[in-house]
Amino acid sequence: YIVTNNHVVEQADDLMVLLGDKRKFPAKLIGTDPKTDLAVIKIEASGLSTLPWGNSTTLEVGELVLAVGNPFGLNQTVTMGIISAVGRANVGIVDYENFIQTDAAINPGNSGGALVNLQGQLIGINTAIFSRTGGYMGIGFAIPSQMVKSVMQSLIGQGKVIRGWLGVSIQELSQDLATQFDAPDTQGALVGDVFSESPAGQAGLKRGD
């Protein structure tokens, strides 16, 4: 099984995997999750090396990382950088965002590649860049390994990701909103709307909670 990005495979009629030793294998699509931009494919091969899972929840800003990928067709390119930030959301790339931000050079073609720590453990899947030119500008985003592992297991086990549903829309509690709603601080989230037939609606949650 191989994890990659959904946007790498979603338009493909056929999938082919090229290994570092130049072997090529046709691949089968196991499942995709556009909400996290992840996909799992499978090849029939033996003697393959795998990356051990790293724990992305313990990452700290400033840690050295390596990004591996295929930028501009340059196969198995490795770049080095640091963790610039963790828990990046509201980037506008996918529905479920909890990105690792890195300044390791990520360019078109790096998508789906591994972000690893200096112990050689997988801590993320390189997914997107912020760029005004289309090329590297020092801001890249990777999906954290804990999210990747969960989605991968669901795709392999069920062929799709099954998520819980609360039935509310929420927004960040800014200082102005906290003052308006008499909240003691800006911790938590503000309920913007509740779907009446949802679990949240049945449990009594209301707009403004």
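For the structure itself, look to the data block above.
These numbers come from a predicted model, not from an experiment.

Participant: Give me the overall build of the chain: which residues, what numbers.
Facilitator: Within the chain, the secondary structure is distributed over 4 helices and 12 strands. Along the three orthogonal principal directions, the C-alpha set of the chain runs to about 60 × 35 × 30 Å. Counting only residues that meet the buried cut, the chain has 37% of its 209 residues in that class. Of the contacts formed within the chain by residues at least 6 apart in sequence, a portion of 52% connects residues at least 24 apart.

Participant: With reference to specific residues and values, describe the sheet that holds strand E1 (residues 2-5).
Facilitator: In spatial order, the strands read E1-E4-E3-E2; together these 4 strands make up an open sheet with antiparallel pairing. The open sheet terminates on both sides in strands that have one partner only, identified here as E1 and strand E2 (15-18). Ignoring which end each strand starts from, the neighbouring axes of this sheet average 45° apart. Judged from the 5 bridges that link them, strand E3 (residues 24-33) and strand E4 (residues 38-42) form a sheet pairing that is antiparallel. Bridge pairing in E4 links Thr32 to Ala39.

Participant: Which residues make up the pattern of salt bridges, and what values go with them?
Facilitator: Applying the stated criterion across every chain, the model contains 2 salt bridges. Put simply, Asp21 and Arg23 hold a salt bridge, and the shortest N to O gap is 2.9 Å. Given the relative accessible area of 46%, Asp21 is considered partly exposed. Residue classification places Arg23 among the partly exposed positions, given a relative accessible area of 32%. Its salt-bridge partner being Asp33, residue Arg163 comes within 2.6 Å of it at the nearest N-O pair. Remark: Asp33 occurs in strand E3 and Arg163 occurs in the loop between helix H2 (145-158) and strand E11 (168-172); sequence separation between them is 130 residues. On the accessibility criterion, Arg163 (28% relative accessible area) is partly exposed.

Participant: Can you break down the packing of aromatic side chains residue by residue, with the values?
Facilitator: Counted by the stated rule, this structure contains 2 aromatic pairs. Here Phe99 and Phe141 contribute two aromatic rings whose centre-to-centre distance is 5.6 Å and whose plane-to-plane angle is 45°, an arrangement assigned as tilted. With a gap of 42 residues between them, Phe99 in strand E7 (residues 99-102) and Phe141 in strand E10 (residues 140-144) connect regions that are remote in the sequence. When its relative accessible area of 6% is taken as the criterion, Phe141 is described as buried.

Participant: Let's hear about a nonpolar patch on the surface: which residues, and what values?
Facilitator: There is a patch of nonpolar side chains on the surface, built from Leu64, Met80 and Leu118 and spanning about 300 Å² of accessible area. For Leu118, the location among the structural elements is in the loop between strand E8 (114-117) and strand E9 (122-129).

Participant: Describe the sheet that holds E7, listing the residues and the values that go with them.
Facilitator: The strand order E5-E6-E7-E10-E9-E8 describes a closed barrel built from 6 strands, whose pairing is antiparallel. Neighbour to neighbour, the strand axes of the sheet diverge by 45° on average, direction disregarded. Packing against the sheet, H2 makes contact with E9 and E10, and its axis sits at approximately 50° to E10.

Participant: A description of H2 should follow, citing residues and the corresponding values.
Facilitator: Taking 1.5 Å per residue, 14 residues should reach 20 Å; H2 reaches 19 Å between its end C-alpha atoms and fits that length. Elements in contact with the buried residues of H2: E1, E3, E4, E9 and E10.

Participant: Residues and numbers for the nonpolar core, please.
Facilitator: Ranked by internal contacts, the top residues of the largest apolar core, which has 16 residues, are Val3, Leu38, Ile125 and Val148. Taken together, the elements giving at least two residues each to this core come down to E4, E8, E9, E10 and H2. Per-element accounting of this core gives the leading share, 4 residues, to H2. Every residue in contact with Val3, bar those within four places of it in the chain, is listed here: Leu38, Ala39, Gly112, Ile125, Val148 and Met152. Counting residues in each nonpolar core, the second largest holds 10 residues, with Val65, Ala67, Ala104 and Ala142 among its members.

Cut-offs applied
Within any chain, residue numbers begin from 1 and follow the written order of that chain's sequence. With the structure being a predicted model, the display of local features is reserved for residues of pLDDT at least 70 and the display and counting of side-chain atom pairs for 80 or more, all residues being used for whole-chain, interface and lining totals. The basis for every side-chain value is the complete set of non-hydrogen atoms in the structure, without hydrogens or water. Numbering of helices and strands runs from the N terminus, with a helix taken as a DSSP run of H or I at least four residues long and a strand as a DSSP run of E at least two residues long. For every residue, the accessible area (1.4 Å probe, protein chains only) is compared with the maximum for its type, and the residue is labelled buried under 20%, exposed over 50%, or partly exposed between those bounds. Pairs of residues are marked as contacts when any of their non-hydrogen atoms sit within 4.5 Å. What makes two strands pair is DSSP finding at least two bridges between them. Note on geometry: axes are C-alpha line fits, over the in-contact stretch for helices, and angles between N-to-C directions span 0 to 180 degrees. Salt bridge, as applied in this entry: a Lys or Arg side-chain nitrogen positioned within 4 Å of an Asp or Glu carboxyl oxygen. Only Phe, Tyr and Trp rings take part, Trp by its six-membered ring, and two of them pair if their centres are within 6.5 Å. Stacked means planes under 30 degrees apart, edge-to-face means over 60, and tilted covers everything else. Patch definition: residues with relative accessible area over 30% and no salt bridge; like charges joined within 9 Å; nonpolar side chains (Val, Leu, Ile, Met, Phe, Trp, Tyr) joined within 5 Å. Here the accessible surface of atoms and residues is derived via Shrake-Rupley with a 1.4 Å probe, and residues count as covered only by protein chains that are part of the display. One fewer than the residue count of a helix, multiplied by 1.5 Å, yields its expected span. Definition of nonpolar core: a set of buried residues of the types Ala, Val, Leu, Ile, Met, Phe, Trp, Tyr and Cys, connected through side-chain atoms within 4.5 Å.

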